[in-house]
Amino acid sequence: MGAIVTAVIVVAVIGVICAVMLSVASKVMAVQVDERIPLVRECLPGANCGGCGFPGCDGYAAAMVNDEDTPLTLCAPGGAATAEKVANVLGRSAGEMVKSYAYVNCLGDCDATGKKLDYVGIETCAAAKLTFGGEGKCTFGCIGLGDCTRACPSDAIHIGAKGIARVDTRVCTGCSACAKVCPNHIISILPAEVPVRISCSSHDKGPAVKAKCSAGCLGCGMCMRKCPSQAIHMENNLAVIDYEKCTGCGTCAAVCPAKCILPRPEAKQASA
Amino acid sequence: MSIKLFFSIVLTAIFIENYVLQQFLGICPFLGVSKKLDSAVGMSAAVIFVMLLATAVTYPIQNFVLNPNGLGYMQTIVFILVIAALVQLVEIVLKRYIPSLHASLGVYLPLITTNCAILGVCIDNVDSYMGTAAFGSTFAQALTYSLGAGLGFMMAMVLFAGVRGRIEDNDAPASFKGMPITLVSAAILSVAFFGFTGVIDNIFG
């Protein structure tokens, strides 16, 4: 009988000590969690694509609640509707939502450029990139093995018939998942209404580009000189457009000798 | 504790008495969390941490509370109680003071509160190292053994994460897809580990 009593007492005492310790700790070290975070999190689509620049939807929700300066419009998959819902929860205005799409800055398809070697190996761009910069002559352009296709959560980017990636803007949410996996970093996320887009990523000098690809930016600077609003500058033999200054006049697209500055498809149709 | 004894205990715990592959403890996290290398490593880190902590607490309890009162047989209940409370406490502390560590380790901590591998290590330690020697040296040996057991768990997890990666890429027969082929490969890995039996004894013996 004595043994049972001792056992019960000892275990009970240990249990009480543990319980007291835990309850004191949970009171003393309680972490204040803002109850708006789960509400905001509910509004987000939950794709965890990371396009907003925060670690997943939970991270973005926490950032929006804790930091007043975090824009509410960073969620590309959710779009304006999501920003509106979040704005309602937090009671501050959503701000202007700019619809953006992925854009592949390369025109080096099978007609424009060619192969310098036959790549036989793991069928991913990242792997092909490791062997002399990939199969194509140009080491800056689209490798065409579809890392972006596999990364895309909404099935919006595919390798076209001519071997380079093309974006289906009807389904693209602009989440930038493809831009992150592209080993050549040729995919940029651009607002839907930008009037012109540089469609080459090569930093080679003019003659070298010409030898490799008929659609590449030669770095001649013609666009920079002709642009009436000084919106274009050359960076490492490649034209870069400052969309803050660009007025969309289309002069650059007209003067580019390599025809690698493309107007927006709709604009093109209107002029044709 | 000499260096030789240290390595002898650690290597024995990792290879000869591997908790997952030789003693078949902690199979649920082994099968559940070994799909991806990242989570396997995270889980293993949490297990190592909790194993060390649990031994550091339960070994003195056995030595100073249970044994003097003739309650050695109560170790299972007392250990579970203490380990569960301890892990909860650690989680609260981490959440408050080291949120980054809590973010990476936190999801795994509740999973292993009363994991059989943790309890197994604590009880094995009591059985193997509780003796007539001074408390300090046996306590150090028990902690060393826990470290080795945790490292062994990590090795099994990492190895098996690699194996599972290979399995996912291959076409198993329909009836073997998923858990069956995973269990078969775990069994083969376990059989491979029986090859280590006696190795450590011959190196350090």
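For the structure given in this document, a descriptive report is provided here. Quick caveat: nothing in here was measured; it's all calculated off a predicted structure.

**Side note on the overall build of chain B**
What chain B contains, in helices and strands, is 9 helices and 0 strands. Helices (α) and strands (β) of chain B occur, in sequence order from the N terminus, as α-α-α-α-α-α-α-α-α. Here chain B holds 205 residues, and 32% of them are scored as buried. Long-range contacts, defined here as pairs at least 24 residues apart, represent 77% of the contacts in chain B between residues at least 6 apart.

**A look at the overall build of chain A**
Scanning chain A for helices and strands turns up 11 helices and 8 strands. Out of the 272 residues belonging to chain A, those deemed buried represent 33%. In chain A, the proportion of contacts linking residues at least 24 apart, taken out of those at least 6 apart, comes to 57%.

**Focus on the environment of V181(A)**
Residue and element names in this part refer to chain A. Relative to the elements of secondary structure, V181 occurs in helix α7 (residues 177-181). Considered as a pair, V181 and A151 are 30 residues apart in the sequence and their alpha carbons are 7.1 Å apart. Contacts of V181, omitting those with residues within four sequence positions, involve D147, C148 and A151.

**Brief notes about the interface of chain B and chain A**
With 16 residues of chain B at the contact, the number on the chain A side is 14 residues. For the side of chain B that touches chain A, the class distribution of residues is 11 nonpolar, 3 polar and 2 charged.

**Overview of the nonpolar core**
Grouped together as the largest cluster of nonpolar side chains are 64 residues, with contacts concentrated most on C178(A), I187(A), C217(A), C260(A) and I261(A). Of all the elements, helix α3 (residues 56-66) of chain A adds the most residues to this core, at 6 residues. In this structure C178(A) touches A102(A), C148(A), A151(A), C152(A), I157(A) and I187(A), once residues within four positions along its chain are discounted. Among the nonpolar cores identified, the runner-up in size contains 43 residues, and L66(B), A85(B), L86(B) and V121(B) belong to it.

Rules used throughout
- Residues numbered from 1 in each chain as written.
- Chains lettered and ligands numbered in written order.
- Predicted model: local features only at pLDDT ≥ 70, side-chain atom pairs only at ≥ 80, totals over all residues.
- Helix = DSSP H or I, 4+ residues; strand = E, 2+ residues; numbered from the N terminus.
- Buried ≥ 20, exposed ≤ 12 C-beta atoms within 10 Å, placed from the backbone.
- Contact = placed C-beta atoms within 7 Å.
- Nonpolar A, V, L, I, M, F, W, Y, C, P; charged D, E, K, R; others polar.
- Core = buried A, V, L, I, M, F, W, Y, C linked by C-beta atoms within 7 Å.

Interpretation in functional terms is not warranted from these geometric data alone.
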